[in-house]
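Remarks on the overall topology
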Amino acid sequence: MKQSVPTRHRSGVAPTSQRLFASPLDFISEDHLRERQICAVIDDLAIATSPDRQAVLTVLRFLNEELNVHQRDEAEDLFPLLVLRCSEEESIERTINRIRADQVGAIRLLPQVRVTLADYLDTGADLTAEDRTTLTEFAGHMRSHLVAAHAILLPIARSRLTRADLRMLSEHMRLRRGLPPIQEMTNAE
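All residue numbers refer to positions counted from 1 along the written sequence of the respective chain. Local features in this predicted model are restricted to residues whose pLDDT is 70 or higher, and side-chain atom pairs enter the listing and the counts only when it is 80 or higher, whereas totals over whole chains, interfaces and linings include all residues. Note that the side-chain values use all heavy atoms of the structure and ignore hydrogens as well as water.

Description of the packing of helix 3 (residues 67–85) against helix 4 (residues 92–123)
- Axis definition: a line fitted to C-alpha atoms, over the contacting stretch in the case of helices. Angles run 0 to 180 degrees between N-to-C directions. We count a stretch as a helix when DSSP gives it H or I for four or more residues in a row; a strand needs E for two or more, and each element gets its number in order from the N terminus. In the contact formed by helix 3 and helix 4, the axes pass within 11 Å of each other and the chain directions differ by 165°. On the basis of the axis angle, helix 3 is roughly antiparallel to helix 4. The handedness of the crossing between helix 3 and helix 4 comes out as left-handed. Touching L67, Q71, E74, A75, F79, L82 and V83 of helix 3 are I92, E93, I96, I99, R100, Q103, I107 and L110, all from helix 4.
- Classifying every residue of the contact of helix 3 with helix 4 by side-chain character gives ten nonpolar, two polar and three charged. Each angle is binned into one of four classes, with values under 35 degrees roughly parallel, values over 145 roughly antiparallel, values of 65 to 115 roughly perpendicular, and all other values oblique. In this scheme the handedness of a crossing depends on how the near helix is turned from the far one: anticlockwise by less than a right angle means left-handed, clockwise means right-handed. Contacts: residue pairs with any heavy atoms within 4.5 Å of one another. Residues are grouped as follows: Ala, Val, Leu, Ile, Met, Phe, Trp, Tyr, Cys and Pro are nonpolar; Asp, Glu, Lys and Arg are charged; every other residue, Gly included, is polar.

A look at the packing of helix 1 (residues 24–47) against helix 5 (residues 129–160)
- Contact pair helix 1 / helix 5: the axes reach a minimum separation of 9 Å and the direction vectors enclose 160°. As the angle between them shows, helix 1 and helix 5 are arranged roughly antiparallel. Where helix 1 crosses over helix 5, the handedness of that crossing is left-handed.
- The residue makeup of the contact of helix 1 with helix 5, split by class, is 16 nonpolar, five polar and seven charged.

What about helix 2 (residues 53–65)?
- Between its terminal C-alpha atoms helix 2 stretches 18 Å, which fits the 18 Å expected from 13 residues at 1.5 Å a residue.
- Only protein chains enter the area calculation, which uses a 1.4 Å probe; residues under 20% of their type maximum are buried, those over 50% are exposed, and those in between are partly exposed. Taken as a whole, helix 2 has its buried residues at A55, V56, V59, L60, F62 and L63. Around the axis of helix 2, the buried residues are gathered within 160° of arc, so they sit on the same side.
- Against the buried residues of helix 2 lie helix 1, helix 3, helix 4 and helix 5.
- N-capping of helix 2 is provided by D52, with a side-chain oxygen placed 3.3 Å from the backbone N of Q54. Multiplying one less than the number of residues by 1.5 Å gives the expected span of a helix. Working note: the arc is built from the helix axis to C-beta atom directions. Polar contacts, as used here, are pairs of N or O atoms within 3.5 Å; protein pairs need one atom able to donate a hydrogen and one able to accept it. Residues neighboring in sequence count only if both atoms are side-chain atoms.

Observations regarding the pattern of salt bridges
- Salt bridge, as applied in this entry: a Lys or Arg side-chain nitrogen positioned within 4 Å of an Asp or Glu carboxyl oxygen. Tallied over the full model, the rule gives eleven salt bridges.
- One salt bridge in this structure joins R176 and E76, with 3.3 Å as the shortest N-O distance. Residue R176 is found in helix 6 (residues 163–176), and its partner E76 is found in helix 3; the two are separated by 100 residues along the sequence.
- Judged by its relative accessible area of 15%, R176 falls in the buried class.
- Under the relative-accessibility criterion, E76 is labelled partly exposed at 40%.

Comments concerning the nonpolar core
- Counting residues in hydrophobic clusters, the biggest one holds 25 residues, and the most contacted among them are V59, L63, L117 and F138.
- When residues of this core are traced back to their parent elements, those giving at least two are helix 1, helix 2, helix 4 and helix 5.
- Per-element tally for this core: the top contributor is helix 4, with seven residues.
- Those residues in contact with V59 that lie beyond four places of it in its chain are I38, V41, I42, L45 and L117.
- Each nonpolar core is a collection of buried residues, namely Ala, Val, Leu, Ile, Met, Phe, Trp, Tyr and Cys, held together in the definition by side-chain atoms within 4.5 Å. Core analysis: the second largest hydrophobic core is formed by 23 residues, L25, L81, I92 and I99 among them.

Written out as structure tokens, the structure reads:
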């Protein structure tokens, strides 16, 4: 089932709207916009003489509350559905493996990024050169993942996933965030 490309609903500054769960690929697309925004904030923090405390809090909230569920949306549902729906000739698994490698690179750095940002909030001490390098590398891995996921996987998903796939994806995304499933109405309602 082919769907239109989503229009931008917001700037990426706030978490993705739960209203988009009805269209899970649009939700993922908006999550990618959110991630790109966070990467830009991380890049700014890495070069700032005195990092903005609110920006640090925004990044920490994203890392602690949003990143893991977004990665699980992809790894546990989107990637397996794409493997199921694509032919071997499309080599979708090669693209997925590239994305997973970038996710692993980011996850490897995630604990240090959290510590660096939390320490800054606690002490206000300047970021070290090593801290700045870690932030830049982390944002680089995230950005690389986004390019492939957004530019390659989402267009393929829009053309290959069935309505049933999208309903299941939406339901799993809601449950992953502790939200109840959407109750479908019968035709008589």
